[in-house]
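Residue-level structural notes
For reference, the chains in residue letters:
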Amino acid sequence: MKTLSLLVCLLSLFSLAERAEARVLYGATASGGPGELYIIDASTGAVIKDVGPLNDAIGTNYPITGLAFHPVTKVLYGSSGNNPAETAGTFVRIDPRTALVTVIGQFNAGPVNGSGTPAT
């Protein structure tokens, strides 16, 4: 009986930890400066933690313009927008504990017109 109670207690703790992790909101800087990863308070927008610079293993910094967290795999993805200085954007995986960036590949949405949408 003690073993069963302990098991139920541990499973409850894991369940709570899972729910808490799902509520983490990440933010990144990109506008005209170096990329930095932050944990944000979802209710106030305040920075809870500066995780660190969004650098790859050789120190290249990535200003991230888009973030997405996969709830099942727990992978944080990011993208850098293709600006006039770049021929393509970069799709990356980010370690949410360290901000370490791993490049997945390049993408190109095509030229952008004045309204911010891809030109046809």
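See the structure above.
Residues numbered from 1 in each chain as written. Predicted model: local features only at pLDDT ≥ 70, side-chain atom pairs only at ≥ 80, totals over all residues. Heavy atoms only, no water.

1. Things to note about the pairing of strand β2 (residues 36–40)
The buried count for β2 comes to 5 of 5 residues, which makes it a mostly enclosed element. Residues Glu36, Tyr38 and Ile40 point to one face of β2 and Leu37 and Ile39 to the other, with burial holding for every one of them. Both strand β1 (residues 25–28) and β2 contribute to a ladder of 4 bridges, which runs antiparallel. Bridging across to β2, Ala28 finds its partner in Leu37. Inspection of the sheet shows β2 paired to strand β3 (residues 47–53) by 5 bridges, in the antiparallel sense. Within β3, the residue paired with Ile40 across the bridge is Val47. Between β2 and β3, which follow one another and run antiparallel, lie 6 residues, and Gly45 among them has a positive phi close to 80°. (Buried < 20%, exposed > 50% of the residue type's maximum accessible area, 1.4 Å probe, protein only. Helix = DSSP H or I, 4+ residues; strand = E, 2+ residues; numbered from the N terminus. Pairing = 2+ DSSP bridges.)

2. Remarks on a nonpolar patch on the surface
Taken together, the side chains of Phe91, Ile104 and Phe107 make up a nonpolar region of the molecular surface, amounting to roughly 240 Å² of accessible area. Checked against the element boundaries, Phe91 lands in strand β6 (residues 89–94). (Patch = residues over 30% accessible without salt bridge, like charges linked within 9 Å, V, L, I, M, F, W, Y side chains within 5 Å. Areas by Shrake-Rupley, 256 points an atom, 1.4 Å probe, with all protein chains shown as cover. Salt bridge = Lys/Arg side-chain N within 4 Å of Asp/Glu carboxyl O.)

3. Describing the sheet that holds β1
Across the sheet, which stays open at both edges, the 3 strands sit in the order β1-β2-β3 with antiparallel pairing between neighbours. Strands at the two margins of the open sheet, each flanked by one partner only, are β1 and β3. Here the strands of the sheet are splayed against their neighbours by 25° on average, with no regard to which way each runs. (Axes fitted to C-alpha atoms, helices over the stretch in contact; angles between N-to-C directions.)

Scope: geometric values only; no functional claims are made or implied.
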